[in-house]
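An overview of the molecular structure
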Amino acid sequence: MDSHFGKTNVQTLLLAVLCIGLALIVVFLFAQIATLAGVLPSGLAVSGVRIITPTPRPSARPPTATLSPTPTSTPTETPTPTTTPTITPSPTVTPSPLPSTRPTAIPIPVTPTEEISGTLPIPTVVPRYSISEHAMTVALLGSDKRPDWTHWNTDAIQYVVVYPHIPSVAVLSIPRDLYVYLPSFHMSRVNTADMYGDVYGFEGGGFGLLNQTLLYNLGITADYYAKVNFQGLKGIVDALGGIDVPVHCHLEDYWPYPDENGEFYRIALEPGVHHMDGKLALWYSRTRKTTSVFDREERQQQVLEAIWMKARSDQLLGAIPELYQQYGELVDTNLGWGNVLSLGMLATRIDPSQVTMYNIGPQEVSSYVTPQGGWVFLPNWEAMAPVIERALLPPAPSRAALASAKVEIWNGSGHMDWDRLAADRLYQAGLAPILGPGEVPPVGQTRIQVFSDHAKGTGLSTVQAIFGLGDDRVDFVGPGEVDLKLRLVMGPDYPVCP
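Residues numbered from 1 in each chain as written. Predicted model: local features only at pLDDT ≥ 70, side-chain atom pairs only at ≥ 80, totals over all residues. Heavy atoms only, no water.

One finds Y159, L172, I174, L178 and I220 to be the most contacted residues of the largest nonpolar core, which totals 41 residues. At the level of secondary structure, the elements contributing two or more residues to this core comprise β2 (136-142), β3 (156-163), β4 (168-173), α3 (193-199), α4 (205-218), α7 (293-313) and α10 (381-392). Among the elements that make up this core, the one with the highest residue count is α10 (6 residues). Beyond its immediate chain neighbours, meaning those up to four positions away, L172 contacts I157, Q158, Y159, I220, Y358, N359, I360, V387, I388 and A391. One finds W418, L486, M490 and V496 within the second-largest nonpolar core, a separate group that totals 22 residues. (Core = buried A, V, L, I, M, F, W, Y, C linked by side-chain atoms within 4.5 Å. Buried < 20%, exposed > 50% of the residue type's maximum accessible area, 1.4 Å probe, protein only. Helix = DSSP H or I, 4+ residues; strand = E, 2+ residues; numbered from the N terminus. Contact = heavy atoms within 4.5 Å.)

Have a look at this one:
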């Protein structure tokens, strides 16, 4: 990469990931999902399946190690040095104040009209959640809007709860096909609220109607919003030099680009860590022909995390203030300059174990077909409420305790980098994984070694639940010489696909 590209194009492309810190990374990822032509042109045959195997690591760790019941100190892997963008010092800025009052419910007319006759009755307004005054909430929206369009959809709705003082971030994914009541309008998919609010002059525009829709149907509101449309996820990933994405389950679907002979084909990803360029990352985020929309949302969050981790490891997050000053107009947001700087600083210092992803999934909704034939999801409030509650609350002390419980991973599965897949699952649960010395001699079955005489304070029950391991797979080997609580020794029977 030449220096001119590094100073100009890279900054332009990475703005989408960096300018508003960790929170706005989500927007730029999900705003691009619709850019992929996920449906093959009709009448074209598929020539076959091309298998994509996990990507070998550029610098492999030692290939073998000797199993030992005693923990050994493992040096921390040092990222490859990279050039850090030169940053012009910015003046100290006080974070913009939160809105003095969060949105309140407005009177809702509920008299049926001809337009909604024959559809579901308008649901009762749900109780409103109390959101901590220490929390910052942001609605991150990615749409397919084009300059000449009068109707569009907001197919990415991520509700982010930030506790800057901890620091912690929770991201709640709201399904685009959730069928809800748009206050003052009618029943519709939640992804139409932004469009209706803008087109019909709702108070506060698209964000105003979306906020009232979330309040009426889910009991939550956002202090701020950030909206983008097509900006080029492929370019962002490519400018980063690609991203490493942990793929836990076999995934096979149509590849929307023809080969050199003009033929279309399917591709299949095998479990492992895949180094993805922009095209592959976009396909991985978008495809859902062979999986559910809920699986796709989880994959989108994986790509989001991979982008953040790559930017973080390359020390690019420090360029946020300069990039925002130069290119901030690309984002439609009501976040003030002070909050932009605060979120940027947060993104540089937050630990991955304090970033939690939540999804409104199949257990929280019911399938429904509208009178017009549309397939949508109805909210199951009783099942959905606990998910929303967990997203709103700051991390419990128990999660902080988990983050201090070190879990070393030894890979005896016989598959390259499956220890990194296990580490990804531990991160999601709030634990602090440590990669062991590489692939170890094959073992008979996956086991957990406990470096204590008892389970209290080790996080054992959490690790057992994550990997589905019973007490018969646990070995108490007594205190070790270093500060290590547990070791996961992966065998050929490791449950790679959760």
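Back to the text.
On to the state of the cysteines, then. Joining two cysteines, a disulfide is a covalent bond between their sulfur atoms. A complete count under the given rule lists 1 disulfide for this structure. Linked covalently through their sulfurs, C249 and C497 form a disulfide whose S-S length is 1.9 Å. Residues C249 and C497 are joined by a disulfide whose S-S torsion is about 100°; by sign, that bridge is right-handed. Of this pair, C249 sits in the loop between β8 (243-247) and β9 (251-255) while C497 sits in the segment after β20 (486-490), and the two are 248 residues apart along the sequence. (Disulfide = S-S within 2.5 Å.)

Moving on to the pairing of strand β13 (residues 355-359). Within β13, 4 of the 5 residues are buried, leaving the element largely enclosed by the surrounding structure. Here β4 runs beside β13; their pairing, made up of 5 bridges, is parallel. Paired with V171 across the strands is M357, a residue of β13. (Pairing = 2+ DSSP bridges.)

Right, let's get into the side chain of N217. By secondary structure assignment, the location of N217 is in helix α4. One polar contact links the side chain of N217 to the main-chain carbonyl oxygen of T213, over a distance of 2.8 Å. Every residue in contact with N217, bar those within four places of it in the chain, is listed here: P123, V126, V180, Y181 and W381. (Polar contact = N/O pair within 3.5 Å; in protein donor to acceptor, adjacent residues only side chain to side chain.)

Let's shift gears to the packing of helix α12 (residues 418-428) against helix α13 (residues 460-467). The contact between α12 and α13 brings their axes to 11 Å, and the two run at 120°. On the basis of the axis angle, α12 is oblique to α13. Judged by the twist between their axes, the crossing of α12 over α13 is right-handed. Residues A422, R425 and L426 of α12 touch α13, and the partners they reach there are V463, I466 and F467. (Axes fitted to C-alpha atoms, helices over the stretch in contact; angles between N-to-C directions. Parallel < 35°, antiparallel > 145°, perpendicular 65-115°, else oblique. Left-handed = near helix turned anticlockwise from the far one by under 90°.)

Attention now moves to unusual backbone geometry. The omega torsion across I166 and P167 is -10°, close enough to zero to call that bond cis. Residue placement: P167 occurs in the loop between β3 and β4. Within the chain, S184 stands out as a residue other than glycine whose phi angle is a positive 75°. If you trace the backbone, S184 turns up in the loop between β5 (179-181) and β6 (187-189). At D417, a position not held by glycine, the phi torsion is positive, near 65°. By the element assignment, D417 lies in the loop between β16 (406-411) and α12. For D417, a relative accessible area of 2% puts it in the buried group.

The buried fraction of β20 is high, at 5 of 5 residues. Here β20 shows a buried face lined by L486, L488 and M490 and a second buried face lined by R487 and V489. As defined by bridge partners, β16 adjoins β20 across 5 bridges and the pair is classed as parallel. Residue pairing for β20: N411 is matched across the bridge by M490. As defined by bridge partners, strand β18 (residues 447-450) adjoins β20 across 4 bridges and the pair is classed as antiparallel. Counterpart to R447 in the pairing with β20 is V489.

Treat this as a map of the structure, not an account of what it does.
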